[in-house]
Amino acid sequence: MVGLAAGVDNMKNTIAIVGRPNVGKSTLFNRLVGQRKAIMDNQSGVTRDRHYGYGDWIGKHFTVIDTGGYVHGSDDVFEESIRRQVKLAIDEADVVLFMVDVDAGMHGLDEEFANVLRRYQGKKPIYIVANKADTNARAHAAGEFYALGVGDGDIFTISSQSGSGTGDLLDAVVSHFEDPWEETEDEGLPKIAVVGRPNVGKSSLVNLLLGEERTIVTEIAGTTRDAIKTRYNAFGNEFILIDTAGLRRKTKVKEDIEFYSVLRSIRAMEESDVCIVMLDATRGIEAQDVNIIALADKNRKGIVILVNKWDLVEDKETNSTKKIEEQILEKIAPIAYPPIIFTSVLTKQRVHKAIETAIQVYENKTKKIPTSQLNEIMLRAIEEHQPPSVKGKMVRIKYVTQLPTHNPVFAFFCNLPQYVRDSYVRYLENRLRDNFGFEGVPIGVIFRKK
Ligand code: GDP
Ligand code: GDP
């Protein structure tokens, strides 16, 4: 086993919004996260106040962190609060938006933020976002913020309320992000991340695989230990293991531990090809688990779900694997493809199978179906069940091909792509899965005019 250095700084897709209270951070957050916030809007802990969510722009998916929603400071601890917000943003995000309010003009706290941010200038792209520029006159007033002496390039003047200016801002932001549909270099070894809530058994799994203790406590300052990457080689399996398991923050605040663990899981997931999402059998699937799985699906990652601590479930009659599988699939619907494996890291039950499955999922993710075989089978499936006509118009699909992308995407060429219904997309996806076995992998079905 060879430990790799923290590694090339892969492009990842996280945006953090920092700034003093009332400038409009949460308004922008809600706009970026859009309707998808609903999925984050559930129960416990971190998600309740929606400190993070996800959105997309021109096909690129990203995670947004509202640091203001996370760090609350009473007046006398503003300085500490600013420091924490900025540190969080720099450590966890790939692009930092520093928001100010053109309506209110320059504020003492803006300068304090700028002072802290300036220390990190050059480490991550930082954009000044002048919000509440609802009118042209106000937009012109944004110039005064150049005096803050921080940020990359122009100031973006926006109105979070109306959305004006946010398109230009997003164009700049997502230029730093990777496109999950894009063809990328095949880097060789599969990258497998182990993610999940605190205490599900991530460290135990990683320690078991690597045969060593790996609890690394970091006081992260500026330069982040992101996920740890280790080359793993055993029983003919070779891959890069990405884990955040050993990373424990030096913090006594329980809320912090939870929050950071979620963000770290997101980071590790973003860097992986396949993520192993670990659940605790005694707790079932929880809201944050669903969030992580939904994010992995959006980011086109392979997914394997482990229901760990299976040794602790005594009544396996009532709690049969089948029943638990159904419960999980119900919670993560419409995502239906991840394999679910019942493990005990403690007794080493099915740990080997879990790894083999993750490797298989990687192979599913990277395989290419020959066009002739694809057409033979799919055109027959289409003949058996034609696309329903819409407004008397018949959709005729002539040809299908797998695109040369990093993830399985199938393009169906037809006369009227705009008339294909979602239900028919699902039909085709299911036939592709039945015939070609894409277990654990999100697949794309798109229509093109021919
Ligand atoms: P935060 O404390 O930075 O998260 O700020 P909020 O998002 O809670 O916004 C503070 C106040 O500013 C709220 O009353 C918002 O409705 C208002 N606000 C946010 N964005 C805009 C904007 O673009 N224009 C105007 N006029 N008001 C805004
Ligand atoms: P992490 O926070 O996800 O890294 O979780 P840890 O690996 O630190 O495990 C949390 C606790 O659960 C530890 O006390 C482990 O010994 C225990 N644990 C991990 N896996 C299993 C398992 O399969 N069965 C049982 N009974 N306990 C486990």
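Thresholds, definitions, all that
Residues numbered from 1 in each chain as written. Chains lettered and ligands numbered in written order. Predicted model: local features only at pLDDT ≥ 70, side-chain atom pairs only at ≥ 80, totals over all residues. Helix = DSSP H or I, 4+ residues; strand = E, 2+ residues; numbered from the N terminus. Expected span 1.5 Å × (residues − 1). Buried ≥ 20, exposed ≤ 12 C-beta atoms within 10 Å, placed from the backbone. Contact = placed C-beta atoms within 7 Å. Near = placed C-beta within 6 Å. Nonpolar A, V, L, I, M, F, W, Y, C, P; charged D, E, K, R; others polar. Pairing = 2+ DSSP bridges. Axes fitted to C-alpha atoms, helices over the stretch in contact; angles between N-to-C directions.

Undergrad: Looking at this structure, how should I read helix α13 (residues 351-366)?
TA: Because an α-helix packs 3.6 residues into every turn, residues spaced three or four apart end up facing the same way. Between its first and last C-alpha, α13 extends 23 Å over 16 residues, near the 22 Å set by a 1.5 Å rise per residue. Residues of α13 that are buried include every one of V351, A354, I355, T357, A358, V361, Y362, N364 and K365, and no others. Buried positions along α13 lie against β8 (191-196), α9 (202-210), β11 (237-243), β13 (274-280), β14 (302-308) and β15 (340-342).

Undergrad: I tried to follow the site of ligand 2 on my own but got confused; where do I start?
TA: By nearness alone, 16 residues border ligand 2, and G201, K202, S203, S204 and L346 come closest of all. The element contributing the most residues to the shell around ligand 2 is α9, with 3 residues. By residue class, the composition of the shell around ligand 2 is 6 nonpolar, 7 polar and 3 charged.

Undergrad: Where do I start with the site of ligand 1 in this structure?
TA: Neighbouring ligand 1 are 15 residues; G24, K25, S26, T27 and Q161 lie closest to it. The element contributing the most residues to the shell around ligand 1 is helix α1 (residues 25-33), with 3 residues. Split by residue class, the shell around ligand 1 holds 2 nonpolar, 10 polar and 3 charged.

Undergrad: Any chance you could explain the sheet that holds strand β7 (residues 156-157) here in plain terms?
TA: In a beta sheet, neighbouring strands are held together by backbone hydrogen bonds and run either parallel or antiparallel to one another. The 6 strands are arranged β3-β4-β2-β5-β6-β7 in an open sheet whose pairing can be described as mixed. A strand with exactly one partner marks an edge of an open sheet, and here the two such strands are β3 (52-57) and β7. Taken together, the 2 bridges between strand β6 (residues 126-131) and β7 define a ladder with parallel strand orientation. Paired with V129 across the strands is F156, a residue of β7. Sheet contacts for α1: β2 (14-18), β3, β4 (60-66), β5 (95-101) and β6; angle to β4, the most-contacted strand, approximately 155°.

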